[in-house]
Amino acid sequence: MKKILVLAVLALAMPMAVFASSSIDYSNSGGTLTASAAGGLTLSGSDLSEIRGFPGGIICSSGCGSITFTTGALLSGSLAMGGTFANGGSFTIMGSGMNGAPSGVLFTGTFSGPNPATWTLNTLADGTHTYTLSGTLAGTAASGFSTVGSTVQLTVNTGKAFFDGAVDAGSGDTNIVVPEPGSLGLLGTGLIGLAGVIRRKLRG
C-alpha cells in the first residue's frame with residue numbers, strides 16, 4: 001500500500017508539460033439555436049461536417065456526426081441585443097462512424113472558463129443582423145482524458161429583425177485539445193522508471 005501511495009503522489013507531481021498536445025477541429029453547419037428554459041441557448045440539428053486533426057489533416061469531410069449544446073443561464077444582457085452566459089450547460093460532439101469519422105461520443109463537457117460565453121449582436125452596413133456565440137469548454141475526449149477547448153458559432157442573417165426565440169444556425173467551429181500518443185508513452189515510461197527507483201529504495 002505504501003508503494004502505491006508513493007507512486008500516486010509522484011505521478012501527480014509530474015509536470016503537466018509531459019502532456020504535449022495537438023488538437024482536433026470540428027466544423028458544424030446548419031441546425032437551430034433556440035432560447036432555453038434557463039434563458040440560455042440550445043443548438044439542435046447541426047451536422048458535424050468536417051473533422052480535421054492538427055497535425056494530421058482531414059479525418060472526415062462529410063456526414064461526420066452531430067454537435068449539440070446548451071449554454072449556461074443568461075448572466076447579463078439579452079438574447080436580442082447580446083449578452084453573456086454562466087458556466088455550465090452541456091456540449092456534446094457525436095461521431096457517425098461513417099466516412100472516416102469515429103463512432104460514438106467524441107467530446108462531452110460544459111461551457112467553462114474564467115470568461116463567460118459571449119453572445120454578440122453584429123449589425124451589418126445594410127442594417128441587418130447576425131449573431132456570434134463564443135466560449136471555452138472543459139470536458140472529456142473520446143480517449144477518456146480530461147481536456148479543454150473553445151467554440152465559435154455563427155447564425156444566418158436575421159434581416160433587420162432581432163433574435164426572438166429561435167434563429168437558424170449558419171456554421172461553427174470547435175477546437176478540442178488532445179494528448180499526443182507519444183506523450184502518453186513518455187508518461188508510462190517515466191512511471192515505470194520511478195517504480196524501479198522506489199522499489200530499490202524501499203528494499204534498502
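One numbering rule holds for all chains: residues counted from 1, following each sequence as written. Residues qualify for local features only when their pLDDT is at least 70, as the model is predicted, and side-chain atom pairs are given and counted only at 80 or more; totals for whole chains, interfaces and linings, by contrast, use all residues. To obtain the side-chain values, all non-hydrogen atoms of the structure were used and water was disregarded.

Whenever I open this one, the overall build of the protein confuses me. Can you help?
A run of H or I in DSSP becomes a helix once it reaches four residues, and a run of E becomes a strand once it reaches two; helices and strands are each numbered from the N terminus. Check the secondary structure of the protein and you find two helices and 13 strands. Relative to its 204 residues, the protein shows a buried fraction of 35%. Considering only intrachain contacts with a sequence separation of at least 6, the fraction spanning at least 24 residues in the protein is 58%. Throughout, the Shrake-Rupley method with a 1.4 Å probe supplies accessible areas, and for residues the shown protein chains are the sole cover considered. Entry remark: accessible area of the protein is about 10,200 Å², with carbon and sulfur atoms responsible for 63%. To sort residues, take the accessible area from a 1.4 Å probe on protein chains only and compare it with the maximum for the residue type: under 20% means buried, over 50% means exposed, and anything in between is partly exposed. Two residues qualify as a contact provided that any one of their heavy atoms is within 4.5 Å of a heavy atom in the partner residue.

It is not clear to me how the state of the cysteines should be interpreted in this structure. Could you clarify?
Joining two cysteines, a disulfide is a covalent bond between their sulfur atoms. The definition used for a disulfide is geometric: two cysteine sulfur atoms within 2.5 Å. The full count for this structure, using the stated rule, is one disulfide. A sulfur-sulfur separation of 2.2 Å characterises the disulfide bridge that pairs Cys60 with Cys64. Residues Cys60 and Cys64 share a disulfide whose torsion about the S-S bond is about -100°; that sign makes it left-handed. Pair check on accessibility: Cys60 and Cys64 agree, each one buried.

Would you mind showing me how to read unusual backbone geometry here?
With the exception of glycine, most residues fall at negative phi, and the peptide bonds are largely trans. Residues Phe54 and Pro55 are joined by a peptide bond in cis, for which omega reads 0°. Residue position: Pro55 is located in the loop between β3 (41-54) and β4 (57-60). In this model, Asn99 sits at a positive phi of 55°, which is unusual for a non-glycine residue. Secondary-structure assignment places Asn99 in the loop between β8 (88-96) and β9 (103-111).

Got a minute to help me understand the nonpolar core in this structure?
For soluble globular proteins, the rule of thumb is that nonpolar side chains tend to be buried together. Ranked by size, the top nonpolar core spans 30 residues in total, and within it Tyr26, Ile51, Ile93 and Trp119 carry the most contacts. If sequence neighbours within four positions are ignored, Tyr26 has contacts with Leu48, Glu50, Ile51, Ile67, Ile93, Leu106, Gly172, Asp173, Thr174 and Ile176. Buried Ala, Val, Leu, Ile, Met, Phe, Trp, Tyr and Cys residues that are joined via side-chain atoms within 4.5 Å together make up what is termed a nonpolar core.

So what exactly am I meant to see when it comes to the pattern of salt bridges here?
Working definition: two side chains of opposite charge can pair if their charged atoms are close together. Counted as salt bridges are all cases of a side-chain nitrogen of Lys or Arg within 4 Å of a carboxyl oxygen of Asp or Glu. Scanning the entire structure with this criterion turns up one salt bridge. Of the charged contacts, one joins Arg52 and Glu50 as a salt bridge, the two residues approaching to 3.3 Å between their closest N and O atoms.

Looking at this structure, how should I read the packing of aromatic side chains?
Aromatic ring pairs are defined here through the distance separating the ring centres and the angle between the ring planes. Centres within 6.5 Å make a pair out of two Phe, Tyr or Trp rings, where for Trp the six-membered ring is used; the pair is then stacked when the planes are under 30 degrees apart, edge-to-face when over 60, and tilted otherwise. For the structure shown, the criterion picks out seven aromatic pairs. Ring geometry for Phe91 against Phe107: centres 6.4 Å apart, planes inclined by 65°, an arrangement best described as edge-to-face. Of this pair, Phe91 sits in strand β8 while Phe107 sits in strand β9; the two residues are 16 residues apart in sequence, bridging distant segments of the chain. Residue classification places Phe91 among the buried positions, given a relative accessible area of 0%. Look at Trp119 and Tyr131: their rings are 4.8 Å apart centre to centre, the planes differ by 5°, and that puts the pair in the stacked class.

Everything listed here is a matter of geometry and, on its own, says nothing about what the molecule does.
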